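# Coordinate inspection notes
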Amino acid sequence: MGKKFLFFCCFFVYLFNPPNLMGITYQADTIPWSGYWWPFSYGGVSTGIDYRGKPSPLDKYSYVVDIKDNNSSSSFFYYYKPDSLPWEGMCFYWAAASIVEKEPIHKGIYKGIVFYVGDKKGLLTVLYNETLYNQYDIYSPADFHRLLIEFLGNKKSPFIFDIGGQYEVWNYPVFKCDINYTQIENTQHYTTKVYYATDDVSPDYVGTIINTDTYEYKFVFDDAGNLIDTYWGNSTASVPRHFREPYAPNCTNPSIDRDSVIKIVNTIDDELEENDTIDTAKELKSGHYSLIGMDVDYFYSFLEEGDRLNIFIFSEEDDDISLKIFNSDNNLIKTSKGSCENEITADKAGKYYIKIDASDIKKEPVYSLYIQKKLTHTSMFLLNPSNLWHNGIAMLLPDKNIGRVLVTQMDTSGLPIKSYNGIVETKQILGTTKDAFGLSENNNGYLRIDSDTDLYGLQCVADGGKLMLGSNLIPSSKYSSVMYFPNIEKKGYSKISFGLINNSETQEILKGDSFREQGNPDNSENFMILAGQKIESDYLQFITSQSKTMFIKTESGNPSLIGYIKFEHPSFITKSSALIPLPLEQHEILYAPHVALSGNWFTEVAFMNVGVKATNVEIQAYDDLGNLIDLIEISLNQYQNYTGNVKDVFPISSEKIASLKILSKDNEKLCGYLLYGSTDGEMLAGIPLQNVRNSSMYLPHIASFDNWHTGIGIMNPNFVQIDISFELFNEKGTLLSQKDYWLNPNQRIAKSIEALFGNDLTRDAKYLKITTASGLPLTGIYKMLMTGKDGLWLMGDIIP
């Protein structure tokens, strides 16, 4: 009642004391900004359909505030209603935000994500869902007239009016009015123009586009000057139904936090500011940086002599960014413009500077900068899994401290995302990529390791349930021009996937050939893989229903490929999986140092003739003392394979089999793998078949504590008895325990680390060295097992 009384007083003061001029203008102290009304039929704040596509403003918000609750994320689709009427949208939320909140006028990068002006205005619009406001209804021209005077004349504040008519709603923020009238006898004829911000703009629009509507109405007085009637005249727009005065957001979406939205909206430029001079240059590690060219940007990277630095820059427009590179003496050594790639090699140690200029800073060009530092030795971990996976890695340099090591997270296209840069003063470094190395785990790419010398290493990735995969670190010396796949049939597995990584610095044309049961050609296809790209697929066009084996090779002959075969078990409950790293070893003789057939374990073997002609192959089975207990002979054409469960291959002697020896009697090369698993389908691991290794082998990490267990299988492939020493070390290289054993020819030892060392095993034990005093070579595998209430996980590889 108090507010209504105030309005009436204002009106009658104005009425009986009219200004001397024929008209008067009232204007609010602030002008609302134009914004987009985000129609529900598109749901652009959620879908991006009518804006920049994916990621939408709410996708970006979810990422930076780390929303993982599916219910919260799905609630964003409240703003997407495909069946809504054409006029339905978020005009009221925008109008309220434009009155209460300061207009975002600059792009900004928050937690690595670019938020354009449209993103920011979209988030403010969502924030004002269910706005708190005061409402004043309009029943007559008198209500309309006095509200204009109260808000724009007295309070100097904007308000929202709805001019949608009877069935539609169109809300706009009003900030100004021109009131004119003429007196004819006892009637005042008013013509009032109302100014408001329009929403007929793109989401990224900055400023205010003004629309106007003109209203005509009459006030009729009696001879005593009392208002006795009011009439609407001919107006250019529908008469507003009410005025609304917003004063605070009251967003009903529980996922929207005002503080987070305001932090995003207030972020201007990129996260590496201030770096406008060479003295304030920011250091760049290998990775991806999203940046905005609002001024000059300076960066640097510290390089040792011989280090290489790759610089990739991608800009929104091809000519809006220029780049200059300076050496440690501040001499200009490279210039470029627009999207480009540059590489420099350090001629001496020092800081190397990068200067980036925008040709027109008013455009605020957004650009991506990818930096990749390369040391003298490189190697790869095949996986960098996404979603709920955890990635543990271990690296070892047994003869000295590791020193410089870069762990770079690469995406599937071969671009660096983020990196760990360290100088490691121990012989071993291990931990999860997230906790120990500060890397994210969500891009399905791979990990590149740069170091000053070759390292041993292994990787173990798990999904938090009963699924675990892993393999050794693959050094550049193992890269190959051809990848053989000894078995591409499912044969009881729900899925077989093929992974490839091109480690070349140029794109490669790959030729894929598949072969039928007898090794005869089946199909062929050429396809391209980009430099650094990773491909994983369970479907390749040259594989047919009759394909049994295949190979993929580089057309150039460059040894640039590594990869894997991945098997998934058919169980819908456990979904166990095994990964076999590629390339596979190619030899005339291959060994399976350990065969698991006892209890509920099975072992499957698959191998392929990759020689130049057909061959007779002998599969020899040995017991745990090295005695030959069975053998079979088969014939294989070129590119033909053999697969089978060892129990089925040797049905009579299978219970005694401890290891296998597979040899080509015609000295043709073979390659293959083993699959270990539990018959209940809960565990699966894949390990390549191998030839003899060295007289010294290192297991870069052992997990033998709590629910973790590490098992090893070591075979003596020689014709004489040998002595073997097992030595346990901590991460600093201190010897903790040693055990010695003798092995007969073809004998194998298969034990867990706990059984091998007994009471001498300590939690400080981090890696294992296996040597022979005679200098004769060994061959061996390791398997890691996780048991307990969290599930049954299994992975393994050869001992490098």
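Residues numbered from 1 in each chain as written. Predicted model: local features only at pLDDT ≥ 70, side-chain atom pairs only at ≥ 80, totals over all residues. Heavy atoms only, no water.

Moving on: the overall build of the protein chain. A count of helices and strands for the protein chain gives 10 helices and 52 strands. By the compact-globule yardstick of 28 Å for 800 residues, the protein chain is too spread out, its C-alpha radius of gyration being 36 Å. Projecting the C-alpha coordinates of the protein chain onto the three principal axes gives extents of approximately 130 × 60 × 55 Å. Counting across all 800 residues of the protein chain, residues that qualify as buried make up 58%. In the protein chain, the share of contacts with a sequence separation of at least 24, taken over all contacts with a separation of at least 6, comes to 73%. When the accessible area of the protein chain is evaluated, it comes to approximately 33,400 Å², of which 49% is carbon and sulfur surface. Each charge sign in the protein chain was given a centre, from 69 positive and 98 negative side chains, and these centres are 3 Å apart. (Helix = DSSP H or I, 4+ residues; strand = E, 2+ residues; numbered from the N terminus. Rg over C-alpha atoms; globule rule 2.2 N^0.38 Å. Buried < 20%, exposed > 50% of the residue type's maximum accessible area, 1.4 Å probe, protein only. Contact = heavy atoms within 4.5 Å. Areas by Shrake-Rupley, 256 points an atom, 1.4 Å probe, with all protein chains shown as cover. Lys, Arg positive; Asp, Glu negative; His and termini not counted. Charge placed at Lys NZ, Arg CZ, Asp CG, Glu CD.)

Together, I509, M528 and L530 line one region of the surface with nonpolar side chains, adding up to about 230 Å² of accessible area. Residue class for L530 comes out partly exposed when judged on its relative accessible area of 38%. (Patch = residues over 30% accessible without salt bridge, like charges linked within 9 Å, V, L, I, M, F, W, Y side chains within 5 Å. Salt bridge = Lys/Arg side-chain N within 4 Å of Asp/Glu carboxyl O.)

This next bit is on the nonpolar core. The biggest cluster of nonpolar side chains holds 72 residues, and the ones touching the most others in it are F161, F243 and I256. Those residues in contact with F161 that lie beyond four places of it in its chain are W170, N171, Y172, V174, V194, Y196, Y215, P240, H242 and F243. Counting 35 residues, the second-largest nonpolar core is a separate cluster that includes I496, F498, F542 and F602. (Core = buried A, V, L, I, M, F, W, Y, C linked by side-chain atoms within 4.5 Å.)

Spatial ordering of the open sheet is given by β23-β22-β25-β20-β28, a layout of five strands whose pairing is antiparallel. Edge positions in the sheet fall to β23 (416–424) and β28 (474–475), since each has one partner strand and no second. In this structure, strand β20 (residues 377–384) lies alongside strand β25 (residues 445–451), joined through six bridges in antiparallel fashion. In the strand pairing of β25, F381 is matched with L447. (Pairing = 2+ DSSP bridges.)

What follows is about the packing of helix α3 (residues 57–64) against helix α6 (residues 117–127). With their axes 9 Å apart at the nearest point, α3 and α6 run at an angle of 85° to one another. As summarised for this structure, α3 and α6 are arranged roughly perpendicular, according to the angle between their axes. The segment α3 lies against α6, with P57, L58, K60 and Y61 engaging D119, L123 and V126. Split into classes, the residues belonging to the contact of α3 with α6 amount to five nonpolar, no polar and two charged. (Axes fitted to C-alpha atoms, helices over the stretch in contact; angles between N-to-C directions. Parallel < 35°, antiparallel > 145°, perpendicular 65-115°, else oblique. Nonpolar A, V, L, I, M, F, W, Y, C, P; charged D, E, K, R; others polar.)

Our focus in this paragraph is α3. With respect to burial, α3 is a largely interior element, six of its eight residues being buried. The set of residues buried in α3 consists of P57, L58, K60, Y61, S62 and V64. Its buried side turned inward, α3 meets α2 (44–47), β2 (108–110), β3 (113–115), α6 and α8 (258–265). Where α3 terminates, the next one or two residues include D66, which has phi positive at roughly 60°.

By the definition in use, this model includes 35 aromatic pairs. Ring geometry for Y136 against F151: centres 5.6 Å apart, planes inclined by 70°, an arrangement best described as edge-to-face. One end of the pair, Y136, is in strand β4 (residues 132–137); the other, F151, is in helix α7 (residues 141–154), with 15 residues separating them in the sequence. Owing to a relative accessible area of 0%, F151 belongs among the buried residues under this scheme. Taken together, a centroid distance of 5.5 Å and an interplanar angle of 90° make the contact between F485 and F498 edge-to-face. Taken together, the residues span a long stretch of sequence, with F485 in strand β29 (residues 482–485) and F498 in strand β30 (residues 495–502) at a distance of 13 residues. An identical accessibility class is assigned to F485 and F498; each is buried. In this arrangement the basic side chain of R244 is found over the ring face of F92, its NZ or CZ atom lying 5.2 Å from the centre. Across from the ring centre of Y300, 4.4 Å away, lies the NZ or CZ of K351, which sits over that ring. (Phe/Tyr/Trp six-rings, centres within 6.5 Å; stacked < 30°, edge-to-face > 60°. Lys NZ or Arg CZ within 6 Å of the ring centre and 35° of its normal.)

Turning our attention to α7. With 14 residues, α7 extends 19 Å between its outermost C-alpha atoms, agreeing within 8% with the 20 Å of an ideal straight helix rising 1.5 Å per residue. For α7, the tally of buried residues reaches 13 of 14 residues, placing the bulk of the element in the interior. Immediately beyond the C-terminal end of α7, within one or two residues, lies K156, with a positive phi of roughly 55°. (Expected span 1.5 Å × (residues − 1).)

Quick look at the pattern of salt bridges now. Here the structure, examined in full by the defined rule, presents 24 salt bridges. Taking the shortest distance from any N to any O, the salt bridge between K60 and D119 comes out at 2.8 Å. Highlighted residues: K60 in helix α3 and D119 in helix α6, separated in sequence by 59 residues. Accessibility classification places K60 together with D119 in one group, the buried group.

The next point concerns the confidence of the model for the protein chain. Detailed reading of the predicted coordinates is not advisable wherever pLDDT is low. Summarising the model, the protein chain shows a mean pLDDT of 90, and 94% of its residues fall at 70 or more. In the predicted structure, residues 1–21 sits below a pLDDT of 50 and forms 27 contacts with residues beyond four places in sequence or in another chain. (pLDDT = per-residue confidence, 0-100.)

What follows concerns the environment of S514. Structurally, S514 can be placed in strand β31 (residues 508–515). Among the residues examined, S514 registers a relative accessible area of 1% and is labelled buried. A sequence separation of 154 residues divides S514 from E668, and the C-alpha atoms of the two residues are 20 Å apart. A polar contact is formed between the side chain of S514 and the backbone oxygen of F542, at a distance of 2.7 Å. At 3.4 Å, the side chain of S514 and the side chain of S547 are in polar contact. (Polar contact = N/O pair within 3.5 Å; in protein donor to acceptor, adjacent residues only side chain to side chain.)

Residue placement: S576 occurs in the loop between β35 (561–568) and β36 (577–582). Note on S576: relative accessible area 1%, which makes it buried. Here G681 takes part through its backbone oxygen, which lies 2.8 Å from a polar atom of the side chain of S576. Apart from residues lying up to four places away in sequence, S576 is in contact with L467, F567, E568, H569, G681, E682, M683 and L684.

Remark: a regular strand shows side chains that alternate across the two faces of the sheet. For strand β13 (residues 297–303), the buried fraction is high: six of the seven residues fall into the buried class. In terms of strand pairing, strand β11 (residues 282–283) meets β13 through two bridges, oriented parallel. When the sheet's bridge partners are listed, K282 is paired in β13 with F299. Bridging between β13 and strand β18 (residues 350–358) involves seven bridges; their strand directions are antiparallel. The residue of β18 that forms the bridge with Y298 is K355.

For G457, the position within the fold is in strand β26 (residues 456–462). Using a relative accessible area of 3% as the deciding quantity, one classes G457 as buried. Along the backbone, G457 and Y698 are 241 residues apart, and their C-alpha atoms lie at a distance of 9.3 Å. Each residue touching G457, except ones within four places of it in the same chain, is listed here: F381, A394, M395, N472, L473 and P700.

Here four strands make up an open sheet; going across it, the order is β45-β50-β47-β48 and the pairing antiparallel. Edge positions in the sheet fall to β45 (696–699) and β48 (735–743), since each has one partner strand and no second. On average, each strand axis in the sheet is inclined to that of its neighbour by 15°, with strand direction left out of account. Bridge analysis of strand β47 (residues 722–729) against strand β50 (residues 767–772) gives six bridges, and the strand direction is antiparallel.

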